[in-house]
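Coordinate inspection notes
Take a look at the letters that make up each chain.
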Amino acid sequence: MTKIHVYFMPGMAASSSIFERIHLPTDIFEVHLLEWVLPNKNESLKEYAKRMAKNIKHENVILVGVSFGGILVQEMKPFINPKKVIIISSVKSNAELPRRMKIAKTTKAYKLIPTKLFENIELLAKFTFGSSILKQKFKLYEKFLSVRDKVYLDWAIEQIINWDRTEIDNEIIHIHGDADEVFPIIQIKNCIQVKGGTHIMIITKYKWFNENLPKIMLENG
C-alpha cells in the first residue's frame, strides 16, 4: 500500500518541534515537517504560500497547519490540490478572527506592536500561545519558538490581521480547543472541538491527537 504523505506546518514563530509528540502509524503515513522561511520584501501571503508549496514533493498529500500555519496551508491549497487540509487552533476566514484583531486592522494598531521585545521569550510565548502559559516551562517555549526575526514577526502579524479570506472553504477540517485564548471558540464555526484544549493543545493534548488524527485523516478516503 502506498503511504499517505502528511505535511505539518507550525504556528507563528514556532518550529516544527511542536509536533515532536505527534505520532501517526508509520505503516500508513509518512510525516514531513515544514519550517518557516523569511518572507521576501513586500511579499504577499499568497506569494509566500506559492513559494512554500514548492516544498511539497508528493501528490495527494494531507496538509496540517497550526494557528498561522493553518492560515498558510489554506493559502497553499490551490497550488498543490491536496487530499485534505486540516487546521488546528486556527481560523477559516477573517470573520473568525477575534474582535481585538478586527479592531487592530481598522486602527492599524498592529503596526505599533514592539516585536523587537519578542526577543524576550516570555513576551513572545504569551503573545503567541496566550496568557495561560506556565512560567516554569519557558525553557520549553524557547525550544518551540525559534523564529524570532523581527522582519518575519512584523510580516506574520500583518498577514494574520489583514487576511482577506471572507468565504469559508467547506473542505477544510478544523480542530479547535474550547479554551483557546488566541482564537476564542465563540467565533469559530463548524469545528471538531477538543475539551480543555488551549491554543497550544498540539503540545498539551498530544494524546488526543495521536488517537484521533489518524481516524480524521482516513475518513472518506
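Anything mentioned here points back to the structure above.
A short tour of the structure in this document, coming up. The model shown is predicted, which means the values in this text are computed figures rather than measured ones.

Next up on the list: the overall build of the protein chain. Check the secondary structure of the protein chain and you find eight helices and six strands. Start at the N end of the protein chain and walk to the C end: the helices and strands fall as β-β-α-β-α-β-α-α-α-α-β-β-α-α. Residues classed as buried in the protein chain amount to 52% of the 221 residues present. Considering only contacts in the protein chain between residues 6 or more positions apart, those separated by 24 or more positions represent 66%. As presented, the protein chain carries roughly 11000 Å² of accessible surface, and 52% of it is formed by carbon and sulfur atoms.

What follows concerns the packing of helix α1 (residues 45-53) against helix α2 (residues 68-80). Helix-helix packing is characterised by the crossing angle of the two axes and by the distance between the axes. In the contact formed by α1 and α2, the axes pass within 8 Å of each other and the chain directions differ by 70 degrees. Judged by the inter-axis angle, α1 sits roughly perpendicular to α2. Where α1 abuts α2, its residues Leu45, Lys46, Tyr48, Ala49, Lys50, Met52 and Ala53 lie against Phe68, Ile71, Leu72, Glu75, Met76, Phe79 and Ile80. Residues that form the contact of α1 with α2 fall into these classes: 11 nonpolar, no polar and three charged.

Taken as a whole and assessed by the stated rule, the structure comprises eight salt bridges. Here Lys46 and Glu75 are joined by a salt bridge, their closest N and O atoms 3.5 Å apart. Linking Lys46 in helix α1 with Glu75 in helix α2, this pair joins segments that are 29 residues apart in sequence. Judged by its relative accessible area of 5%, Glu75 is buried. Here Asp169 makes a salt bridge to Lys77, at a shortest N to O gap of 2.8 Å. Of this pair, Asp169 sits in the loop between α6 (150-161) and β5 (173-177) while Lys77 sits in helix α2, and the two are 92 residues apart along the sequence. Look at Lys77 and you get buried, because its relative accessible area is 17%. Because the salt bridges share partners, they merge into one network encompassing Lys46, Glu75, Asp164 and Arg165.

So, how was this worked out
Residues numbered from 1 in each chain as written. Predicted model: local features only at pLDDT ≥ 70, side-chain atom pairs only at ≥ 80, totals over all residues. Heavy atoms only, no water. Helix = DSSP H or I, 4+ residues; strand = E, 2+ residues; numbered from the N terminus. Buried < 20%, exposed > 50% of the residue type's maximum accessible area, 1.4 Å probe, protein only. Contact = heavy atoms within 4.5 Å. Areas by Shrake-Rupley, 256 points an atom, 1.4 Å probe, with all protein chains shown as cover. Axes fitted to C-alpha atoms, helices over the stretch in contact; angles between N-to-C directions. Parallel < 35°, antiparallel > 145°, perpendicular 65-115°, else oblique. Nonpolar A, V, L, I, M, F, W, Y, C, P; charged D, E, K, R; others polar. Salt bridge = Lys/Arg side-chain N within 4 Å of Asp/Glu carboxyl O.

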